[in-house]
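# Topology and contacts: notes
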Amino acid sequence: MEIPSSKSFTNAMRALVGNCSVITVGEGADISGLVVTSAISLSAEPPLLLACVNRSSSSWPLLDKYRKFGWSSLGAGHQQIAENFSGFGGVKGPDRYEGGEWETAETGALLLKGAPAAFDCEVEEMIARATHSIVIGRVRAIRECQDAGALVYWNGSFMPMN
């Protein structure tokens, strides 16, 4: 039996609708972040989140170094933030935060103001699997914004949902 190619697998995964979230990492001028669509709830007691982060991303070393992160679900009006944190046009590091309003959470992580849901997290565990790390975050604080809609990723594109 032949194993599917990574291109075939990636194309098939685009058929799944994913919630877009931004993971923010680092401190001071040493900040970056990325968009994740593989972000889910792991446990309510204690509150734990799970995301898969490619270890070749520019954000992974900061996540490993600082061991805390912000997790902001993106609303319908956050497509520019999604594009910045996806690196469109070569946007990197602190420049990814342009166009958004950010607040510093209890751990020092940055959360997007106006996000439908935002979580202040500490790294509980990182598990290496293939090219990615399964990152388990312990939630320390939560922010919510009603009526923000959602930004989803489907078929290779960001799509606002109100």
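Note: the structure precedes this text.
Below is a summary of the structure that appears in this document. These numbers were taken from a predicted model, which means no experiment stands behind them. (Residues numbered from 1 in each chain as written. Predicted model: local features only at pLDDT ≥ 70, side-chain atom pairs only at ≥ 80, totals over all residues. Heavy atoms only, no water.)

This brings us to the pairing of strand β4 (residues 40-44). Every regular strand shows the same layout, with side chains that alternate between the two sheet faces. Strand direction decides the pairing type here: β4 and strand β5 (residues 47-54), joined by four bridges, are antiparallel. Residue pairing for β5: Ser-43 is matched across the bridge by Leu-48. Taking the residues that link successive antiparallel strands as the turn, the β4-β5 hairpin has two residues. (Pairing = 2+ DSSP bridges. Helix = DSSP H or I, 4+ residues; strand = E, 2+ residues; numbered from the N terminus.)

A few words now on the pattern of salt bridges. Counted according to the given criterion, the structure contains six salt bridges. With its nearest N and O atoms 2.8 Å apart, the salt bridge here joins Arg-140 to Glu-122. Residue Arg-140 is found in strand β10 (residues 132-144), and its partner Glu-122 is found in strand β9 (residues 117-129); the two are separated by 18 residues along the sequence. When its relative accessible area of 42% is taken as the criterion, Arg-140 is described as partly exposed. On the basis of relative accessible area, Glu-122 is assigned to the partly exposed category, the value being 31%. (Salt bridge = Lys/Arg side-chain N within 4 Å of Asp/Glu carboxyl O. Buried < 20%, exposed > 50% of the residue type's maximum accessible area, 1.4 Å probe, protein only.)

Here the residue pair Glu-45 and Pro-46 is connected by a cis peptide bond, since its omega of 0° sits within 30 degrees of zero. We note that Ala-130 has phi near 50°; this positive angle belongs to a residue other than glycine. Examined against the element boundaries, Ala-130 turns out to sit in the loop between β9 and β10. On the basis of relative accessible area, Ala-130 is assigned to the exposed category, the value being 74%. Phi is positive for Asn-155, which is not a glycine, with a value near 55°. Here Asn-155 is to be found in the loop between β11 (150-154) and β12 (157-161). Asn-155 gets classed as exposed once you look at its relative accessible area, which sits at 51%.

Attention shifts here to the sheet that holds strand β3 (residues 30-36). Sheets are built from strands that pair by backbone hydrogen bonding, the pairs being arranged parallel or antiparallel. As summarised here, the arrangement of the seven strands in space is β3-β2-β6-β9-β10-β5-β4, forming an open sheet in which the pairing is antiparallel. Whereas interior strands pair on both sides, the edge strands pair on one side only; in this sheet they are β3 and β4. On average, adjacent strands in this sheet sit at an angle of 30° to one another, irrespective of strand direction. (Axes fitted to C-alpha atoms, helices over the stretch in contact; angles between N-to-C directions.)

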